[in-house]
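Take a look at the letters that make up each chain.
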Amino acid sequence: MRRAAVVLLAAAMALLSGCAPLSLTGMLPYAREIEDMELVRTLGVDGDGEGVTVTASGGTREGEEARVVSGRADTVSAAVLTMQSQGSSYLYFGHVGQLLLGEELARRGVNPSLDYVLRDVEMRLETALYLVRDGEAGQAMAAAAEDGSATDRLEALAEDVGLTADTMTRSVKDVLADLEDRGASFAPALSADDTLTAAGYGILKDGALVGWADQDAALGINLILSRVDADVVEVAPEGQESAALRVVGARSLIRPVFEGDALTGLRVECRVEANLAEGPSAADDGRRQALCDALAQVERDRIQAALDLSAAYNADYLGLCRAAALLAPWHKHDLLDGVEMKDLTLTAQVEAVIQRSYHADG
């Protein structure tokens, strides 16, 4: 929005100064009739030797199939330009809502693709970012177009985020800010087949994909970030019947751990709230406590899986140090300057609460 405002202000100043034709030609796209434009909704970028292949697709229209076009060049900008010669319509990228990066390209480095979004006059920083796991973005988009479109599938996935506990949407702006602030970030992963379903998260360090967070670790990431709106956990306390618990919320705090003046670790303290979805009544205090303990163990293991990835890749991809510094600002220097995650002991502490209601008490 700020970028658009600057462009419009510059255009107005050019009109006042009497040099509008030259200035506007250099800054703004040529005026085009809306019927001569095709709106690109999803953009994919894959590695292609030393260059890149860019794939573009729009949403489906009634009675029409989604059109998928691609172009190859050494840079994203040049590849996008080559696509303009394919067909009679001008491809407009101002409505791109999703950016997909293939695994090979992501391992090589995501910065050029994200920088293209940052600098291009039509692209938006609010564009959702996805990493295609075990495959290429272009192939996945083409496969999805055979029965709908990648755009439709990803928009449906974004709408259903609140119904799942192992994924969340992240924008190009989110990831760029993380990489600038702490050199690490994460982005949702997609399966490479035509379903484009959620497949955990990809972990980014120094601008490149270094590994994946699978289901348990992905669930742990959402718990750490207090982004759990709905989840069902099946537990079977020793000596008791199994039950299904519906997690309805989670709240986490990150505390630094010191030995004397030395930072030795970080501790995630998470409170999880749940309802009894299926199983015998939890009205008995003993059974209720057993269910709480079983749920706490499951969620603790998930959080620990996410923390272990931070240590394994020596990457603060979740911003744990900054979160701890907000809780203990007098230790800001210790937490934000040169911390090595591999040298810290990362632990999880979980309190589970089953809310008393007619669902739980029977």
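The present account deals with the structure reproduced in this document.

Calculation criteria
- Residues numbered from 1 in each chain as written.
- Predicted model: local features only at pLDDT ≥ 70, side-chain atom pairs only at ≥ 80, totals over all residues.
- Heavy atoms only, no water.
- 1 Å grid on protein atoms, 1.4 Å probe; cavity = no way out; pocket = protein on both sides within 12 Å on 5 of 7 lines; lining within 4 Å.
- Points joined across faces, edges and corners; volume = space filled by probe spheres on them.
- Nonpolar A, V, L, I, M, F, W, Y, C, P; charged D, E, K, R; others polar.
- Helix = DSSP H or I, 4+ residues; strand = E, 2+ residues; numbered from the N terminus.
- Buried < 20%, exposed > 50% of the residue type's maximum accessible area, 1.4 Å probe, protein only.
- Core = buried A, V, L, I, M, F, W, Y, C linked by side-chain atoms within 4.5 Å.

## Section: empty space enclosed by the protein
And then number 1: Considering all chains together, one arrives at 1 cavity of 30 Å³ or more under this definition.
And then number 2: For the lining of the largest cavity, the residue count by class is 5 nonpolar, 2 polar and 2 charged.

## Some remarks on unusual backbone geometry
And then number 1: Phi at Asp 206 is positive, roughly 50°, even though this residue is not glycine.
And then number 2: With respect to the helices and strands, Asp 206 occurs in the loop between strand E9 (198–205) and strand E10 (208–213).
And then number 3: Given the relative accessible area of 63%, Asp 206 is considered exposed.
And then number 4: With phi around 50°, Asn 314 is a residue other than glycine that occupies positive phi space.
And then number 5: Locating Asn 314 in the fold gives a position in the loop between helix H10 (285–312) and helix H11 (320–327).
And then number 6: Overall, Asn 314 belongs to the buried group, its relative accessible area being 19%.

## Details of the nonpolar core
And then number 1: The biggest cluster of nonpolar side chains holds 50 residues, and the ones touching the most others in it are Ile 224, Leu 266, Ile 303 and Tyr 317.
And then number 2: Looking at this core, the element that brings in the most residues is H10, giving 9 residues.
And then number 3: In terms of nonpolar packing, the next biggest core, distinct from the first, is built from 34 residues, Val 80, Met 83, Val 117 and Val 172 among them.

## A look at the environment of Pro 112
And then number 1: Structurally, the position occupied by Pro 112 is in helix H5 (residues 111–119).
And then number 2: For the pair Pro 112 and Ser 77, spaced 35 residues apart in the sequence, the C-alpha separation amounts to 9.9 Å.

## Description of the layout of surface pockets
And then number 1: Counted as a void, the second largest pocket has a volume near 300 Å³.
And then number 2: Lining of the second largest pocket is provided by 19 residues; of these, Arg 182, Asp 316, Cys 321, Leu 336 and Val 339 occupy positions nearest its centre.
And then number 3: Contributions of two or more residues to the lining of the second largest pocket are made by helix H8 (172–182), H11 and helix H12 (332–336).
And then number 4: For the lining of the second largest pocket, a count of residues per class yields 7 nonpolar, 4 polar and 8 charged.

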